[in-house]
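Descriptive structure summary
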Amino acid sequence: MPFDFRRFDIYRKVPKDLTQPTYTGAIISVCCCLFILFLFLSELTGFITTEVVNELYVDDPDKDSGGKIDVSLNISLPNLHCDLVGLDIQDEMGRHEVGHIDNSMKIPLSNGAGCRFEGQFSINKVPGNFHVSTHSASAQPQNPDMTHIIHKLSFGDTLQVQNVHGAFNALGGADRLTSNPLASHDYILKIVPTVYEDKSGKQRYSYQYTVANKEYVAYSHTGRIIPAIWFRYDLSPITVKYTERRQPLYRFITTICAIIGGTFTVAGILDSCIFTASEAWKKIQLGKMH
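Taking an unreviewed UniProt entry as the reference, the protein is identified by name as Endoplasmic reticulum-Golgi intermediate compartment protein belonging to Pipistrellus nathusii. The heading Function (unreviewed entry) in the UniProt record of the protein holds the text "Plays a role in transport between endoplasmic reticulum and Golgi."

Structure below.
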């Protein structure tokens, strides 16, 4: 007797003349197919869409930076002449630079009465400060007006990623035009290293920061201290890392199989219950007629 390979068929077929279609079964089947289609499209959208996950760890992510952080500053002082405006940089490594001019630009405002300072510079990865002041001017004004608007203050690479909403330019738009003209402004920054890794594995290094500020008129035994706009910073030891990920293909296939199998199973149970109840009701009605 020849071996019949069909014995391994676990999906045995029932002849059509032994099955009975019903309206209820047809309605459930249509609803079942629509539900499967809806879930399939939802899972397909999730599979195509890139997911951004984040994690925290303690480390210096950008070890190739030479211990430096790039800074971009854009600030307007509408009541201070450009000849008086300067940038000074200090830190705990002994750096003390007055009147930093590399990669910086001063744009006169209001017919020369004001100034817009735009600068690109680097700071060491140690606590310190940089400040906009008149300290580097050849002659100090009698009453310097330090009212200002900060258009941009950012650190590291610029991240323009839709799924990442961090405080990369927390001071952007800060308006101090109504402040005391003779007041100094202290912005206390806590800088948090941030890494963004795309699907190709390429990493970009940026920095988020939180800020607290105060405004004051300072005096010493010799009189009023020259006001300035201070940015005092410290670095957090915690690094935030964002990673682009896409759902694995095997997980997508597994989910689709679960959706199809589960939906058909539940629909089959529901149809069977309705059909059994319908047949029982018919028998009850026939029993009442006799």
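Let's shift gears to the nonpolar core. Phe130, Leu153, Phe155 and Phe231 are the most contacted members of the largest nonpolar core, which has 33 residues in total. Those elements giving two or more residues to this core turn out to be strand 2 (68-77), strand 3 (86-91), strand 6 (114-124), strand 7 (128-133), strand 8 (149-156), strand 10 (184-197), strand 11 (203-216) and strand 14 (229-235). Per element, the largest residue contribution to this core is five residues, and it comes from strand 2. Setting aside chain neighbours within four positions, we find Phe231 in contact with Leu73, Gly128, Asn129, Phe130, Ile150, Leu153, Leu171, Tyr187 and Leu189. With eight residues, the next largest nonpolar core counts Val52, Phe168, Val192 and Val240 among its residues.

Moving on: unusual backbone geometry. A positive phi is found at Ser110, a non-glycine position, where the angle reads about 50°. One can find Ser110 in the loop between strand 5 (104-109) and strand 6. Here Ser110 falls in the exposed class, since its relative accessible area comes to 54%. Positive phi outside glycine occurs at Asn111, with the angle close to 60°. Take Asn111: it is sitting in the loop between strand 5 and strand 6.

Thresholds applied
Residues numbered from 1 in each chain as written. Predicted model: local features only at pLDDT ≥ 70, side-chain atom pairs only at ≥ 80, totals over all residues. Heavy atoms only, no water. UniProt positions renumbered as here; feature names shortened; annotations may be inferred. Core = buried A, V, L, I, M, F, W, Y, C linked by side-chain atoms within 4.5 Å. Buried < 20%, exposed > 50% of the residue type's maximum accessible area, 1.4 Å probe, protein only. Helix = DSSP H or I, 4+ residues; strand = E, 2+ residues; numbered from the N terminus. Contact = heavy atoms within 4.5 Å.

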